[in-house]
Amino acid sequence: MKTLEFNTKNKRFGLILWFLLSILFLLSCSSENDNTDDSVSQPDPEPNPEISFYKGADLSYVNEMEDCGAVYKDAANIIKDPYVIFDEAGANLVRFRLWHNPEWTDYSDLEDVKQGIARAKQNNLKVLLDFHYSDTWADPENQQIPAAWLAHIDDTEVLGDSLYNYTLNTLNELADLNLTPDIVQVGNETNPMILQDGELEWPIDWERNSFLINQGIKAVRDFSEDQPTSVEVMLHIAQPENGLWWFQEATANGVTDYDWIGLSYYPKWSSYNLANVGEAFSTLINTYNKKLMVVETAYPFTLEDIDQAGNIQGSDALIEGYPATQQGQLDYLNDLTQCIYDAGGKGIVYWEPAWVSTHCSTLWGQGSHWDNATLFDHDNKANLGMQFYSTTLKD
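This report concerns the structure included in the present document. (Residues numbered from 1 in each chain as written. Predicted model: local features only at pLDDT ≥ 70, side-chain atom pairs only at ≥ 80, totals over all residues. Heavy atoms only, no water.)

### Some details on the pairing of strand β1 (residues 54–58)
Strand residues, when the strand is regular, have side chains that alternate between the two faces of the sheet.
Here is step 1 of the chain: Of all five residues that make up β1, five are buried, and the element is covered over most of its length.
Here is step 2 of the chain: Along β1, one buried face is formed by Tyr54, Gly56 and Asp58 and the opposite face, lined by Lys55 and Ala57, is buried too.
Here is step 3 of the chain: Of the strand pairs in this sheet, β1 and strand β10 (residues 347–350) are connected by four bridges, and their pairing is parallel. Counted as the bridge partner of Ala57 is Tyr350 from β10. (Buried < 20%, exposed > 50% of the residue type's maximum accessible area, 1.4 Å probe, protein only. Helix = DSSP H or I, 4+ residues; strand = E, 2+ residues; numbered from the N terminus. Pairing = 2+ DSSP bridges.)

### Details of a negative patch on the surface
Here is step 1 of the chain: Together, Asp154, Asp155, Glu157 and Asp161 make up a negatively charged patch on the protein surface.
Here is step 2 of the chain: Inspection of the secondary structure puts Asp155 in the loop between β5 (126–131) and α5 (156–176).
Here is step 3 of the chain: We classify Asp155 as partly exposed; its relative accessible area is 36%. (Patch = residues over 30% accessible without salt bridge, like charges linked within 9 Å, V, L, I, M, F, W, Y side chains within 5 Å. Areas by Shrake-Rupley, 256 points an atom, 1.4 Å probe, with all protein chains shown as cover. Salt bridge = Lys/Arg side-chain N within 4 Å of Asp/Glu carboxyl O. Lys, Arg positive; Asp, Glu negative; His and termini not counted. Charge placed at Lys NZ, Arg CZ, Asp CG, Glu CD.)

### Looking at unusual backbone geometry
Here is step 1 of the chain: Cis rather than trans, the peptide bond between Trp202 and Pro203 has omega equal to -5 degrees.
Here is step 2 of the chain: Considering the arrangement of structural elements, one finds Pro203 in the loop between β6 (183–186) and α6 (206–224).

### Topic: helix α8 (residues 277–288)
Here is step 1 of the chain: The end-to-end C-alpha distance of α8, which contains 12 residues, comes to 17 Å, matching closely the 16 Å that a straight helix rising 1.5 Å per residue would cover.
Here is step 2 of the chain: Of all the positions in α8, only Val277, Gly278, Ala280, Phe281, Leu284, Ile285 and Tyr288 are classed as buried. End-on, the buried residues of α8 take up no more than an arc of 160 degrees, which puts them together on one face. Turned more than 90 degrees off the buried face of α8, the exposed positions are Glu279 and Asn286.
Here is step 3 of the chain: Structurally, α8 contributes buried residues whose contacts are with α7 (240–252), β8 (260–264), β9 (291–296) and α9 (326–342).
Here is step 4 of the chain: One or two positions beyond α8, positive phi appears at Asn289, with a value near 55 degrees. (Expected span 1.5 Å × (residues − 1). Arc of directions from axis to C-beta. Contact = heavy atoms within 4.5 Å.)

### Some points on the environment of His369
Here is step 1 of the chain: Looking at where His369 falls in the secondary structure, it is placed in the segment after β10.
Here is step 2 of the chain: Since its relative accessible area comes to 7%, His369 is described here as buried.
Here is step 3 of the chain: Sequence separation of His369 and Val356 is 13 residues, and the distance between their C-alpha atoms is 8.6 Å.
Here is step 4 of the chain: If sequence neighbours within four positions are ignored, His369 has contacts with Ala309, Gly310, Asn311, Ile312, Trp355, Thr362 and Trp364.
Here is step 5 of the chain: A distance of 2.9 Å separates a polar side-chain atom of His369 from the backbone oxygen of Gly310.
Here is step 6 of the chain: Polar side-chain contacts of His369 include one of 2.8 Å to the side chain of Thr362. (Polar contact = N/O pair within 3.5 Å; in protein donor to acceptor, adjacent residues only side chain to side chain.)

### What about the sheet that holds strand β4 (residues 93–98)?
Here is step 1 of the chain: Taken in spatial order, the eight strands close into a barrel running β1-β4-β5-β6-β7-β8-β9-β10, and their pairing is parallel. Neighbour-to-neighbour, the strand axes of this sheet turn through a mean angle of 25 degrees, independent of strand direction.
Here is step 2 of the chain: Summarising the sheet, β6 and strand β7 (residues 232–238) pair through three bridges and their orientation is parallel. Along β7, the bridge assignment pairs Ile183 with Glu232.
Here is step 3 of the chain: Running over the sheet, α7 touches β7 and β8 and is turned about 120 degrees from β7. (Axes fitted to C-alpha atoms, helices over the stretch in contact; angles between N-to-C directions.)

### Regarding the state of the cysteines
Here is step 1 of the chain: Scanning the entire structure with this criterion turns up one disulfide.
Here is step 2 of the chain: Covalent S-S linkage joins Cys68 and Cys360, the inter-sulfur distance amounting to 2.0 Å. The S-S bond linking Cys68 to Cys360 shows a torsion near -110 degrees; that makes this disulfide left-handed. Taken together, the residues span a long stretch of sequence, with Cys68 in the loop between α2 (62–67) and β2 (72–73) and Cys360 in the segment after β10 at a distance of 292 residues. The residues Cys68 and Cys360 share a single accessibility class, namely buried. (Disulfide = S-S within 2.5 Å.)

### Examining the packing of helix α4 (residues 110–122) against α5
The description of two helices packed together rests on the angle between their axes and the distance between the axes.
Here is step 1 of the chain: The N-to-C vectors of α4 and α5 enclose an angle of 40 degrees; their axes lie 11 Å apart at closest approach. One way to sum up the angle between α4 and α5 is to call them oblique. Crossing of α4 over α5 shows right-handed handedness. Here α4 contributes Leu110, Glu111, Lys114 and Ile117 to the contact with α5, which in turn contributes Thr170, Glu173 and Leu174.
Here is step 2 of the chain: Along the lines of polarity and charge, the residues of the contact of α4 with α5 split into three nonpolar, one polar and three charged. (Parallel < 35°, antiparallel > 145°, perpendicular 65-115°, else oblique. Left-handed = near helix turned anticlockwise from the far one by under 90°. Nonpolar A, V, L, I, M, F, W, Y, C, P; charged D, E, K, R; others polar.)

Here it is as structure tokens:
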């Protein structure tokens, strides 16, 4: 009995000693790893897994549509935040347009874009920021210089400084709010020379154009030097056939420091169809060794027009085998996405899938010019086309 009592006491003493030593060890490790720098309130979050293929949505209209009374419903007819709807559907990227000083509207200025980016990041969605370098829509027919820069339109050096500083200051302001985008477009559908006044000048003055574009690129690169992760640069051209000549001329004139070729592809305005557009995609990818994303596309799910704003995507937008139905829209998106993937592309963005009809007016009419080509039906319920975000690509 005495021997047993002695052994039991030894065991108890050993357990207590082991417990005390364990506490001391943990306290010592905690002290060694303690960060005493008051400027760091918490460790940096773990980076998101790399995305191999982007499926995105341009949601530039959402804030305005909600202010106009629009509500959005998921496929189960439940009212939800539209960013939640797209996230749950499988989208992983949101695109926003940014106008310089759009006095004609309260939207797509920097304050509006900040709200959109914040909502996207709250839902773990990547962000593509699209600098239009205009106070209004920039596209193949319009590259109107911001009014604030008009006095310097013939002074390329000063104009380049304005573009550089505006781009850099915008990104710094976003970064201060933890709203840094992942990809930046230096211009929108820049088929013509950027920063023009009124009627477009052709041919492109590449000495001027390349200097201005490179100033925008330099601003993004300089910004990235002070960031934990680099912001990627995209150049954006409307329609693949235009991308073929534009990137050839841009390269010949020293525009080479970019990461992404961005394209708009609407069959209505392109000479390529789904059977051969992949050839243009692969040619661009292989020639310039850049990543490629179709950043604008859409397809009608109906030809019905429910408001006074005429629909842009009418019967002339239809292609054989893809009727203006929800299934036809989904088939188009699935097939185009697979085509981009097969060609070596890295993403697709649906243009304005939430531009639903409301009582508000555009520059051209009351309602929406896209109500038949959104990813919501006329009751604002997510339609079949929304399912393309979750469709598995085939190797």
